[in-house]
Amino acid sequence: MSWRRRIATGVFRWHDLRLRTRLAVLLVAASLLPLALSAFIDIWQSRAQLLDSTKSRLRSGAEQIARELDEFHRGRLQATERIARFPEAQAFCLANAARRADAAPALVRLLSAYPASDASISGAALLDGSGRVLAATNPAVIGAALSFRPYVQTALRGPTAL
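None of the values given here were measured: they were computed from a predicted structure.

Undergrad: An account of the overall build of the protein chain is needed here, citing residue identities and associated values.
TA: Looking only at helices and strands, the protein chain has 5 helices and 2 strands in total. Beginning at the N terminus, the succession of helices and strands in the protein chain can be written as α-α-α-α-β-β-α. Expected size for 162 residues packed as a compact globule is a radius of gyration near 15 Å; at 38 Å, the protein chain overshoots this value by more than 25%. Each principal axis of the C-alpha atoms in the protein chain carries an extent, and together these give about 115 × 30 × 30 Å. For the protein chain, the proportion of its 162 residues judged to be buried stands at 13%.

What follows is the structure, encoded as structure tokens:
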């Protein structure tokens, strides 16, 4: 079988090749194998470094978000505690039902200052010991029972809650 025919049909047998051709093929294979292994190892290490870098960035981003959320909640908690210390809020809580009706407008004005100063606050309310809304910036929620809400249940147990 001629070389042209073997090339056309794709039939090559190792023992049909000349010694020079065999040595050239072996030399090329021996040269390419370390290069291929080196490339594979480099790609593998680069991938590992990229994953480590990505993990580090994600971890740092998560820590930053956690700090920002903590600061956000700390600010809201301080605002809640300030409202509880205002004389209007304390007088309202200690008053009987008749005096609460007279004190309610002043308390609602006080509560309205918080949603007016921060667009992320939609409203503010004062609840009694059973979780019922006594005063609120939104009149539609006055009298609503919120004791089923987890954050109200937490607040009813004693600690300040948002």
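Undergrad: Outline the nonpolar core, supporting the account with residue identities and numerical values.
TA: Counting 12 residues, the largest nonpolar core is built from Ala79, Ile83, Ala89, Phe92, Leu107, Leu110, Leu111, Tyr114, Ile121, Ala124, Leu126 and Ala135. When residues of this core are traced back to their parent elements, those giving at least two are helix H2 (19–85), helix H3 (87–94) and helix H4 (97–117). If you tally residues by element for this core, the top one is H4, at 4 residues. Leaving out residues up to four positions away in the same chain, alanine 124 has contacts with Leu111, Pro115, Ala135, Ala136 and Thr137.

Undergrad: Give me the packing of aromatic side chains: which residues, what numbers.
TA: In the structure shown here, the tally under the stated rule is 1 aromatic pair. Its end group placed over the ring of tryptophan 44, arginine 47 keeps NZ or CZ at 5.4 Å from the ring centre. Above the face of the phenylalanine 92 ring, arginine 100 is positioned so that its terminal group lies 5.6 Å from the ring centre.

Undergrad: Which residues make up the packing of H2 against H3, and what values do they have?
TA: Running from N to C, H2 and H3 point in directions that differ by 65°, and their axes come no closer than 5 Å. In this structure, H2 contributes Ile83, Ala84 and Arg85 to the contact, and H3 contributes Pro87, Ala89 and Gln90. The class makeup of the residues in the contact of H2 with H3 is 4 nonpolar, 1 polar and 1 charged.

Undergrad: Describe the pattern of salt bridges, and please don't skip the residues or the numbers.
TA: The tally for this structure, following the rule as stated, stands at 2 salt bridges. Measuring nitrogen to oxygen at the nearest pair gives 3.4 Å for the salt bridge that ties arginine 74 to glutamate 71. Of this pair, arginine 74 and glutamate 71 both sit in helix H2, 3 residues apart, which is roughly one turn of the helix. Accessibility expressed as a relative area gives 48% for glutamate 71, which makes it partly exposed. Between arginine 76 and aspartate 118 there is a salt bridge; the shortest N-O distance is 2.8 Å.

Undergrad: Go over the environment of proline 87 with me, naming the residues and quoting the values.
TA: When you line up the elements, proline 87 lands in helix H3. Residues proline 87 and isoleucine 41 lie 46 residues apart in sequence; the distance between their C-alpha atoms is 71 Å.

Undergrad: Describe in detail H4, supporting the description with residues and values.
TA: Within an α-helix, residues lying three or four positions from one another point in the same direction, as the helix has 3.6 residues per turn. The end-to-end C-alpha distance of H4, which contains 21 residues, comes to 30 Å, matching closely the 30 Å that a straight helix rising 1.5 Å per residue would cover. The sharpest bend along H4 reaches about 45° and sits at alanine 103, with the proline proline 105 one to four residues further on. By the burial criterion, the buried members of H4 are Leu107, Leu110, Leu111, Tyr114 and Pro115. Looking at the packing, one finds that the buried side of H4 touches H2, H3, strand E1 (125–127) and strand E2 (133–136).

Rules used throughout
Starting afresh in each chain, residues are numbered from 1 along the sequence in its written order. A pLDDT threshold of at least 70 governs which residues receive local features in this predicted model, and a stricter bar of 80 or more applies before side-chain atom pairs are shown or counted, although totals over entire chains, interfaces and linings include all residues. Hydrogens and water are ignored here; the side-chain numbers use all heavy atoms of the structure. A helix here means a DSSP run of H or I that spans at least four residues, while a strand means a run of E at least two residues long, and both kinds are numbered starting from the N terminus. The atom set for the radius of gyration is the C-alpha atoms, and the globule formula is 2.2 Å times the number of residues raised to the power 0.38. Only protein chains enter the accessibility calculation, which uses a 1.4 Å probe; a residue is then buried when its area is under 20% of its type maximum, exposed when over 50%, and partly exposed in between. The nonpolar core is taken to be a set of buried Ala, Val, Leu, Ile, Met, Phe, Trp, Tyr and Cys residues, with the residues joined through side-chain atoms within 4.5 Å. Note on contacts: a residue pair qualifies if any of its non-hydrogen atoms lie within 4.5 Å across the two residues. Paired rings are identified among Phe, Tyr and Trp, the last through its six-membered ring, by centres lying within 6.5 Å, and are further divided according to the angle between planes into stacked (under 30 degrees), edge-to-face (over 60) and tilted (the rest). Remark: a charge is flagged as sitting over a ring if the NZ atom of Lys or the CZ atom of Arg is within 6 Å of the ring centre and within 35 degrees of the ring normal. Comment: axis = line fitted to C-alpha atoms, over the contacting stretch for helices; angle = value between 0 and 180 degrees taken between N-to-C directions. Any residue that is not Ala, Val, Leu, Ile, Met, Phe, Trp, Tyr, Cys, Pro, Asp, Glu, Lys or Arg is counted as polar, Gly included; the first ten are nonpolar and the last four charged. For this analysis, a salt bridge means a side-chain nitrogen from Lys or Arg found within 4 Å of a carboxyl oxygen belonging to Asp or Glu. Expected span, for any helix, means 1.5 Å times one less than how many residues it has. Given a residue, its bend is the angle between the two axes fitted to the seven residues that end at it and to the seven that start from it.

Spatial relationships are all this shows, so hold off on functional conclusions.
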